[in-house]
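Report on the structure
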Amino acid sequence: MIHYSCDRCQRRIDSVEDIRYIVRIEIQATIDSVESAEDGDHLMEIEEILERLEDADCQELSEDVYQNRQFDLCPGCYLEYKKNPLSLDAQLVLGFSDN
Ligand SMILES: [Zn+2]
């Protein structure tokens, strides 16, 4: 039997008795390439970044360009996460106004 722990509340999740929600997040930096003289500099920057990605020492830079993360959530945290996956301010999510 494998025990997981919720990455949000740290509660233990029994892999047999409890539902476990796996959240996979893929973040990729991107830019819409436009073949024009004006955007030439930007294209060069991205190309340079991508080339430097191949350098294993550029871990920090790599995370800015591409991240693939996975989290285990218990049912309670899954419900909370589902409501607000981008961690928006509660006021924005609920539509409250200060006025
Ligand atoms: Zn939890």
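Since this is a predicted model, take the numbers as computed values, not measurements.

Thresholds applied
- Residues numbered from 1 in each chain as written.
- Predicted model: local features only at pLDDT ≥ 70, side-chain atom pairs only at ≥ 80, totals over all residues.
- Helix = DSSP H or I, 4+ residues; strand = E, 2+ residues; numbered from the N terminus.
- Buried ≥ 20, exposed ≤ 12 C-beta atoms within 10 Å, placed from the backbone.
- Contact = placed C-beta atoms within 7 Å.
- pLDDT = per-residue confidence, 0-100.
- Pairing = 2+ DSSP bridges.
- Core = buried A, V, L, I, M, F, W, Y, C linked by C-beta atoms within 7 Å.

Considering the overall build of the protein
Per the secondary structure count, the protein includes 4 helices and 4 strands. The buried share of the protein, taken over its 99 residues, is 5%. Pairs at least 24 residues apart make up 56% of the contacts formed inside the protein by residues separated by at least 6 positions.

Some points on the confidence of the model for the protein
For the protein, per-residue confidence averages 81 on the pLDDT scale, and residues scoring 70 or more make up 71% of the total. When mean pLDDT is taken per element in the protein, helix α3 (residues 75-83) scores highest with 95 and helix α4 (residues 90-94) scores lowest with 64.

Some points on the pairing of strand β3 (residues 21-28)
Little of β3 is tucked away, with 0 of its 8 residues classed as buried. Relative to strand β4 (residues 66-73), β3 runs antiparallel, the two sharing 8 bridges. Following the sheet pairing, Q28 is matched in β4 by Y66.

Description of the environment of C6
Relative to the elements of secondary structure, C6 occurs in the loop between β1 (3-5) and β2 (12-14). Placed 70 residues apart in sequence, C6 and G76 show a C-alpha to C-alpha distance of 9.7 Å. With residues up to four places along the chain from it excluded, the contact list for C6 reads R11, I13, D72, L73, C74 and C77.

Here's the deal with the nonpolar core
Ranked by size, the top nonpolar core spans 5 residues in total: C6, I13, L73, C74 and C77. If near-sequence neighbours (up to four positions away) are discounted, I13 is found in contact with H3, Y4, S5, C6, D18, R20, D72 and C74.

A closer look at the environment of R52
Position of R52 relative to the elements: it lies in helix α1 (residues 40-53). Overall, R52 belongs to the partly exposed group, with 13 C-beta atoms counted inside 10 Å. R52 sits 10 residues away from S62 along the chain, and the two C-alpha atoms are 8.4 Å apart.

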